[in-house]
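Overview (structure and organization)
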Amino acid sequence: PKNASIFSMIQPTGEFHLGNYLGATRVWKDLCTLKSSSQRLTFGVADLHAITIPKPNTTKFRKYRIEAIASILSVGVDPSKASVMYQSSIPQQTQLHWLLSTLASMGYLNRMTQWKSKSNIKDGSVDSDAIGKVRLGLFAYPVLQAADILTYKATHVPVGDDQTQHLELTRHLAEQFNHLYKKRVFPLPKTILAPTKKILSLSSPEKKMSKSDPNQDALIYLNDEPEIIAKKIKKAVTDSISDHFEYDPVNRPGVSNLINIISGIQRKSIGEVEKDIARFRNYSDFKGYVTENVVEELSGPRNMFKRFINEPEYLDSVIKKGSEEASEVAEKNIKEIMNIMGF
Ligand code: ADP
Ligand code: NA
């Protein structure tokens, strides 16, 4: 779309994995390729969100923060087309978080599922004891996310489908603000849903592949060596039907996840992939094919990552330029927003 402000972020809570790639960073790269001159692209590392985990580790955090920048660039996000920055470098986002928190209702936030899953609380069994232990930052996480997006008056937000709820809250807050102050300050940001469905854990295909999963076998990291990728896919949980492979997420979640991975990498529909893999009669051949596809797709990003992570000055220059560009927009918008609010 023309005159679009496209914004998205990713947390530096661990090494990036295949889900982050197909659900987020490869889409960002595609948006750079398609960018027209009337569009603005802003891609950030959500370092303030990352400290909502239970036990932050400063050494790891420092490492993951800079690696996140290298990972974003390694997949082909072009810093001459997109502003790449840290969330914490743009204080206006945190400022807007406070302003929006005066509108956000506890009831609405209470219905969000992420703070529950991250606190190991089952939806529907939220008692006062459980709520009592949840920290404000984790509970308010989606409000900061809304503030990030609205700071840039984003019109489009490319994310994976695990973020749908948070985008709804963002639109809700934008509407509330516009209504309360009787001015159309914020456009209602549209979700650009990644073409690939959510990638699931290789070990427990009932949950998503996530950086915060302590089980290393559950994830394929973008920087895994080919032998490691082969080993993880070999171990991937599937089922006992071993002479044909079809997409059936309810009954065959493990197999379906592998098919979804191929579909994402090859940019083919699930149906097309099913036809391509109809020839396989055992897991060894099917998983070998999955491995080949993943290894080949990730070899470019893996090599580029190794290069970028050894060029700290280059990374710093990208961050500096990205922060300056983002700051310019953020300063202008927050000034307008506060002015409208009577400051
Ligand atoms: P994580 O859960 O791995 O920490 P983030 O919360 O940082 O990931 O999300 C960053 C982006 O990656 C978001 O756009 C999110 O939708 C996408 N994403 C995360 N996990 C997956 C997954 N398993 N499959 C597809 N997209 C994903
Ligand atoms: Na997440």
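Predicted model, so just to flag it, every value in this text is computed and none were measured. Each chain has its residues counted from 1, following the order in which its sequence is written. Here every chain gets a letter starting at A, and every ligand a number starting at 1, in the order they are written. Confidence filtering applies because this is a predicted model: local features only for residues at pLDDT of at least 70, side-chain atom pairs given and counted only at 80 or more, and all residues used for totals across whole chains, interfaces and linings. Excluding hydrogens and water, the side-chain figures rest on all heavy atoms present in the structure.

A word on the environment of Ile265
The way it works is that DSSP assigns letters per residue, a run of H or I at least four long becomes a helix, a run of E at least two long becomes a strand, and they are numbered from the N terminus. Within the element layout of this structure, Ile265 appears in helix H12 (residues 253-266). Only heavy atoms enter the contact rule, under which two residues are in contact if any of them lie within 4.5 Å. With near-sequence residues (within four places) excluded, Ile265 lies in contact with Leu22, Arg26, Asn293, Val294 and Glu297.

Some words on the site of ligand 1
One heavy atom within 4 Å of a molecule or strand is enough for the residue carrying it to be called near that molecule or strand. Around ligand 1, the surrounding shell holds 18 residues, and the nearest of these are Gly160, Asp162, Ile199, Lys208 and Lys211. Pairs of N or O atoms within 3.5 Å make up the polar contacts considered here, provided that, within protein, one atom can donate a hydrogen while the other can accept it, and that residues adjacent in sequence are counted only when both atoms are side-chain atoms. In this structure, a nitrogen atom belonging to ligand 1 sits 2.7 Å away from a main-chain N or O atom of Ile199. Take Lys208: an N or O atom from its side chain is 2.8 Å from an oxygen atom of ligand 1. Surface accessibility follows the Shrake-Rupley procedure with a 1.4 Å probe radius. Residue values consider only the protein chains on display as shielding. Relative to its unbound accessible area of 530 Å², ligand 1 is 95% covered by the protein chains. At four residues, the largest contribution of residues to the shell around ligand 1 is made by helix H1 (residues 18-34). Residue polarity follows a fixed list, in which Ala, Val, Leu, Ile, Met, Phe, Trp, Tyr, Cys and Pro are nonpolar, Asp, Glu, Lys and Arg are charged, and the others, Gly among them, are polar. Class assignment of the residues belonging to the shell around ligand 1 gives a composition of five nonpolar, nine polar and four charged.

Details of the pattern of salt bridges
Salt bridge criterion: a side-chain nitrogen from Lys or Arg within 4 Å of a carboxyl oxygen from Asp or Glu. A full pass over the atoms with the stated rule returns 18 salt bridges. Here Glu246 makes a salt bridge to Arg252, at a shortest N to O gap of 2.6 Å. Each residue is placed in one exposure class: buried if its accessible area under a 1.4 Å probe, protein chains only, is under 20% of its type's maximum, exposed if it is over 50%, and partly exposed if it falls in between. According to the relative accessible area criterion, Glu246 is partly exposed, its value standing at 28%. Overall, the relative accessible area of 3% leaves Arg252 in the buried class. Here Lys320 and Glu324 are joined by a salt bridge, their closest N and O atoms 3.3 Å apart.

Some thoughts on the domain arrangement of the protein chain
Domain parsing of the protein chain yields domain 1 (5-198 + 312-341) and domain 2 (216-306). Here domain 1 and domain 2 have C-alpha centroids that lie 29 Å from each other. Contacts between domain 1 and domain 2 engage 17 residues on the former and 18 residues on the latter. For any pair of parts, buried area is found by adding up, for both, the accessible area (1.4 Å probe) each one loses once the two are put together. Interface area for domain 1 against domain 2, summed over the two sides, is near 1,600 Å², with a carbon-plus-sulfur share of 60%. Connecting domain 1 to domain 2 are two salt bridges. Ionic pairing is found between Arg26 and Glu297, a salt bridge with its closest N-O pair at 3.6 Å. At the junction of domain 1 and domain 2, the tally comes to eight residue pairs in polar contact (both at pLDDT 80 or more). Only H1 and helix H3 (58-74) provide two or more residues apiece to the side of domain 1 that touches domain 2. Considering every element that reaches the side of domain 1 that touches domain 2, the biggest residue donor is H1, with six residues. Partitioned by chemical class, the residues of the side of domain 1 that touches domain 2 number six nonpolar, four polar and seven charged. Boundaries of every domain are those given by an automatic assignment or by a domain database.

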